[in-house]
Amino acid sequence: MLLQISSIVTYAKNVTVDYIDLDFTLWLTWMLTPLIITFLLPLIIVLLLYLSVLILYIYKLHRHRLRHAYETDFWDGARKTVAAVWDAHGWIWHGYEVSGMENIPDDTPALIVYYHGAIPIDLYYFISKSILFKNRLIHTVADRFLFKIPGWLIISEAMKVIPGTVQICSNILKQNNLLAISPGGVYEAQFGDAYYRLMWKKRLGFAKVALDAKVPVIPIFTQNLREAFCSVSFGRRLWLKLYTITRFPIVPIYGGFPVKLRTHVGKPIPYNGSLTPEQLQIKVAQALEELIEEHQRIPGSIMRALVERVYALPKKKSK
Ligand SMILES: *[C@@H]1O[C@H](CO)[C@@H](O)[C@H](O)[C@H]1NC(C)=O
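Residues numbered from 1 in each chain as written. Predicted model: local features only at pLDDT ≥ 70, side-chain atom pairs only at ≥ 80, totals over all residues. Heavy atoms only, no water.

A. Quick peek at empty space enclosed by the protein. Under the counting rule described, the total for this entry stands at two cavities of 30 Å³ or more. At the level of elements, helix H1 (2-61), helix H3 (76-94) and helix H4 (121-134) are the ones that each hand at least two residues to the lining of the largest cavity. Class assignment of the residues belonging to the lining of the largest cavity gives a composition of seven nonpolar, three polar and no charged. Approximately 40 Å³ is the volume attributed to the second largest cavity. The wall of the second largest cavity is formed by Ala210, Leu211, Val215, Val217, Ile269, Pro270, Tyr271, Asn272, Leu275 and Leu280. (1 Å grid on protein atoms, 1.4 Å probe; cavity = no way out; pocket = protein on both sides within 12 Å on 5 of 7 lines; lining within 4 Å. Points joined across faces, edges and corners; volume = space filled by probe spheres on them. Helix = DSSP H or I, 4+ residues; strand = E, 2+ residues; numbered from the N terminus. Nonpolar A, V, L, I, M, F, W, Y, C, P; charged D, E, K, R; others polar.)

B. Examining the UniProt feature "transmembrane region" (unreviewed entry) in the protein more closely. Those places that UniProt annotates as "transmembrane region" (unreviewed entry) correspond, in this numbering, to residues 35-59. Between the first and last C-alpha atoms of residues 35-59 the distance is 37 Å; the span itself is 100% helix and 0% strand. (UniProt positions renumbered as here; feature names shortened; annotations may be inferred.)

C. Local environment of the pattern of salt bridges. Throughout the structure, instances matching the rule amount to eight salt bridges. The salt bridge partner of Asp87 is Lys129, with a shortest N-O separation of 2.7 Å. Highlighted residues: Asp87 in helix H3 and Lys129 in helix H4, separated in sequence by 42 residues. Note on Asp87: relative accessible area 14%, which makes it buried. Classification of Lys129 by relative accessible area gives buried; the value is 16%. Arg304 serves as the salt-bridge partner of Glu308, at 3.5 Å between the closest nitrogen and oxygen. (Salt bridge = Lys/Arg side-chain N within 4 Å of Asp/Glu carboxyl O. Buried < 20%, exposed > 50% of the residue type's maximum accessible area, 1.4 Å probe, protein only.)

D. Region of the structure containing the site of the ligand. For the ligand, the full set of nearby residues is Asn272, Ser274 and Leu275. Asn272 is positioned with one of its side-chain polar atoms (N or O) 2.4 Å from an oxygen atom of the ligand. Here an oxygen atom of the ligand and a side-chain polar atom of Ser274 are 3.2 Å apart. Across the complex, the protein chains shield 29% of the 360 Å² of accessible surface that the ligand would expose by itself. (Near = heavy atom within 4 Å. Polar contact = N/O pair within 3.5 Å; in protein donor to acceptor, adjacent residues only side chain to side chain. Areas by Shrake-Rupley, 256 points an atom, 1.4 Å probe, with all protein chains shown as cover.)

E. Up close: helix H8 (residues 205-213). Every buried residue belonging to H8 is among Phe206, Ala207, Val209, Ala210, Leu211 and Ala213, and all of these are buried. Here the buried face of H8 lies against strand E2 (110-114), helix H6 (166-174), strand E5 (178-181), strand E6 (217-223) and helix H11 (277-295). Just downstream of H8, Lys214 is the residue with a positive phi angle, here 55°. (Contact = heavy atoms within 4.5 Å.)

F. Region of the structure containing the nonpolar core. With 87 residues, the main nonpolar core has Leu111, Ile121 and Phe126 as its most contacted residues. Top contributing element to this core by residue count: H11, with seven residues. (Core = buried A, V, L, I, M, F, W, Y, C linked by side-chain atoms within 4.5 Å.)

G. Just the environment of Ile172, in detail. Note on placement: Ile172 falls in helix H6. A C-alpha to C-alpha distance of 8.1 Å links Ile172 and His139, two positions 33 residues apart in sequence. Those residues within four positions of Ile172 in sequence are excluded, and the remaining contacts are His139, Ile162 and Asn177.

H. Structural detail: the side chain of Ser156. Relative to the assigned elements, Ser156 resides in helix H5 (residues 152-159). For Ser156, a relative accessible area of 8% puts it in the buried group. Setting aside residues no more than four positions away along its own chain, Ser156 makes contact with Phe147 and Val161.

I. Local environment of the layout of surface pockets. Of the voids in this model, the second largest pocket is the one considered here, and its volume is about 290 Å³. At the level of secondary structure, the elements contributing two or more residues to the lining of the second largest pocket comprise helix H7 (185-191), helix H9 (225-228), strand E7 (229-231) and helix H10 (236-246). Looking at side-chain class alone, the lining of the second largest pocket contains nine nonpolar, six polar and five charged residues.

J. Expanded view of unusual backbone geometry. Note that the residue after Ile298, namely Pro299, is joined by a cis bond; omega there is -5°. As for its position among the elements, Pro299 is in the loop between H11 and helix H12 (302-310). Residues other than glycine seldom take positive phi values, yet Asn176 does so here, at roughly 70°. Structurally, the position occupied by Asn176 is in the loop between H6 and E5.

As structure tokens, then:
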């Protein structure tokens, strides 16, 4: 009898402990799910990047059989395949659209200047659209740290991504290509926020490139970009210090929210040889700020951007 009671007590205790444990685990999971989701979603982009790497490697391996089909540039088929993957992702996840694509020339060179989000996914989608629908590749300039990441080399080879100097960039344009540069670069990516301020410091390289190659500059801006992926805003001083030392973008990124993304292509700023690089930089910055002013509700809000995904909110009232 005593034995029975003690075993019942033990049983009850075990059940209680199990129950509490289970409950606690459930509670913990419930608490952490949003956190896990927001920090894991950026991984989808990494996954897509590696899917692209895979496609490119397969393609490179089989290029001998494909070469006769694409005699000028054997990458063309691979690029279109990869572009199709990204275009599909942009369409499904963000309802991605471009307005003003007609401002991108069909067969003349131009320098495209863009605002840099925490992750420049808008540029991946935009380049894909250009490859698929305009049959034009957009060369890009990327930060040097990217070239140290495994898999990046083949992407840069196929998609013509370069760690550009003024001379190299200018030559690409002189060969009648499109080239995209973000003057704010990785700095703007990490330290920009929902206020969408340009963080170009004193960078003039892009203006020197445009003047040297005698090409027009086209500003582009993607609405809600900062709401798709965000860089954490706490500990800014520490991140800045670490970035200055390492030159490696270490600010944590979260997000991947399926907000509406729409890239607005501005009117080309024609080449004018009597402008200095400083004057051109100011002109381009103004044009880009006008695009932001016109199309972005400031400060950006993730909720609003999510609503825009399914329901077209009225455009921001002008002052
Ligand atoms: C070129 O820039 C100069 C200096 O700002 C200006 O006076 C001139 O009107 C511009 N030319 C054109 C064609 O816009």
